[in-house]
Amino acid sequence: MSVIEMQKIAKLIKDGDYENAEELLRNILEESPHNRTARFLFGITLAKTGMLEEAEAEFLNLVERDSHDVDALGALAIVYRWRGKLKDALGIFHDAIELDPTRIEFYRYIADIQILEKNLKAAFMAYAKVIECNPEIASAYNNLGIVYFETQDIAKALSTFQQAISRDGGNAKFYYNYAIALEANNQLQEAMRKYDIAVSIAPRWTAARLNLGSVLAKLGQLDKAGGAFDVILDEDPLNAEAWNNMGATLAMQGYKEEAIRHFMRALEERSGYDLAQRNMDSVKSDAEPKVMFAVADMLLDEEVGLPFNLPKPELEPLSGDFMGFEIPHLLEFMKYLKEMTSFLPEERRVAFDQSAVRINMEHIINTFMGHRGILREIQDLRLKQQTLIDPLKAQIKKISSRQDLTLEPSRLPEGDAGGEGSGALNREEIADFLGYLETLSSSLPDPVVLERFTQKVKTAVSMME
């Protein structure tokens, strides 16, 4: 599966074109049934289209093949979460975090599930971890505020919701939750203003408008409260809570018969609706009616989406030999050479990073590893070997003409490799050293020679240190 194919399918998924994405993925999997990237994207496509059981099977298959596949573990846990398998989801998220503690979104998912499971202490610790890792995640403050609210710590809930709003002032949920906490703290005027902001951001949000009407009624603004419930019923005439609340508003205004009709309608829309029944019984009694308003609960800012961290395209390392050497051995050796340059003095290391030597080395390594396209002129060494062979042969011939390729101890710095006159390697010596590292691979006919060279490099580096 090429990078271009992967990007095309990923864009289809992000754009919601699951049908075409699935078709392309099925074609790829017919030819390469074990392609990890295609399997991962196929699982996401299945989950996005509601085929959660099938998606679960795909991600399970990936995890069984590689228990350290963090993205597959995260996706599997989210599918468990969507399927209501909360304990299974928690276990998988913990496994994923052990493998990659930097994935702070996993802490969020854990905390959200802990709230649903009513494990508030565990939820608090997880949200605190998220904020510790990234203090700018507004949703973590919102959700932590809910934990404080559930533990009856209203003051901390209020300050935490303010933190969320300060980081994302356009999120209606944050104002809505803040208003609920204000209302619970009997700060009705301020609660009304926050509900009003939430409704202005999300005009069709029924829960926010329902609570706005309730607090307006508590403030004695009954006409405005009735107007809020009317808006809900115009858009959703089957809403039992709105019928109940309109009935309560009418009862407070003294319209008992109208109130009773609204309570009855609420019961029609929801059989056994206890609050509407109690309100109707209260209005029907001779005593002064005591009506209750239905209010919507706080909401988590979940964003429990699949981890769309696209994996790097699978590599197809070249096999066989190159210039008479086994490619896997030569690749390993080239990587070792690259690492050795990190022991150079800082100025020389910077010079190496900007040199043609380093570029050639990167190109060779990437090509051997299968990163096609990084250096187009050597995409396929089997067809274009001369691109690398000729320059290497020329360099080999040049260096092999010297009688001694070793680095003499007397030429290496003694003590600190500082500035001029301190014993640091001069420019020519550094060039010799880098040339030695770059070209010596051409004279390694077998692993014994490779081992001898490795020891030689280690000795040289040790002297440099």
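Each remark here, short or long, concerns the structure printed above.
The following refers to the structure shown.

Conventions and cut-offs
Counting starts from 1 at the beginning of each chain's written sequence and moves along it residue by residue. This being a predicted model, a pLDDT of at least 70 is required before a residue's local features are given, and a value of 80 or more before pairs of side-chain atoms are given or counted; all residues contribute to the totals for chains, interfaces and linings. Heavy atoms throughout the structure, all of them, feed into the side-chain values; hydrogens and water do not. Salt bridges, as used here, are contacts in which a Lys or Arg side-chain nitrogen is within 4 Å of a carboxyl oxygen on Asp or Glu. A run of H or I in DSSP becomes a helix once it reaches four residues, and a run of E becomes a strand once it reaches two; helices and strands are each numbered from the N terminus. For every residue, the accessible area obtained with a 1.4 Å probe (protein chains only) is divided by the maximum for its type, and the residue is called buried under 20%, exposed over 50%, and partly exposed between those limits. We call two residues in contact whenever any of their non-hydrogen atoms come within 4.5 Å of each other. Side-chain atoms within 4.5 Å are what join buried Ala, Val, Leu, Ile, Met, Phe, Trp, Tyr and Cys residues into a set we call a nonpolar core. Expected span of a helix, by definition, is 1.5 Å for each gap between consecutive residues, and there is one gap fewer than residues.

**As for the pattern of salt bridges**
Move 1: Taken as a whole and assessed by the stated rule, the structure comprises 19 salt bridges.
Move 2: Two residues, Glu56 and Lys85, come together in a salt bridge whose shortest N-O distance is 3.3 Å. Taken together, the residues Glu56 in helix α4 (residues 52–65) and Lys85 in the loop between α5 (70–82) and α6 (86–99) connect sequence positions 29 residues apart.
Move 3: According to the relative accessible area criterion, Glu56 is buried, its value standing at 9%.
Move 4: In this structure, Glu183 and Lys218 form a salt bridge, with 2.7 Å as the shortest nitrogen-oxygen distance. Note that Glu183 is positioned in helix α11 (residues 172–184) and Lys218 in helix α13 (residues 206–218), a separation of 35 residues in sequence.
Move 5: By relative accessible area, which is 47% here, Lys218 ends up partly exposed.
Move 6: The network of salt bridges with common partners includes Glu56, Arg83 and Lys85.

**Considerations on the side chain of Glu58**
Move 1: Structurally, Glu58 is set in helix α4.
Move 2: Glu58 gets classed as buried once you look at its relative accessible area, which sits at 13%.
Move 3: When sequence neighbours within four positions are dropped, the list of residues in contact with Glu58 reads Arg39, Phe42, Gly43 and Leu46.

**Observations concerning the nonpolar core**
Move 1: Of all hydrophobic cores here, the largest spans 114 residues; its most connected members are Phe59, Phe93, Tyr127, Tyr176, Tyr195 and Tyr273.
Move 2: Other than its neighbours up to four places away in sequence, Tyr127 contacts Arg108, Ala111, Asp112, Ile115, Ala140, Asn143, Leu144, Val147 and Leu300.
Move 3: Of all hydrophobic cores here, the second largest spans six residues; its members include Leu330, Leu331, Phe333 and Ile365.

**A few points about helix α10 (residues 154–167)**
Move 1: Helix length check: α10 (14 residues) gives 20 Å between terminal C-alpha atoms against 20 Å at 1.5 Å per residue, within 8%.
Move 2: Residues Ile154, Ala157, Leu158, Thr160, Phe161, Ala164 and Ile165 constitute the buried set of α10.
Move 3: Considering only its buried residues, α10 is in contact with α9 (138–150) and α11.

Take it as geometry only, folks, not as evidence of what the structure does.
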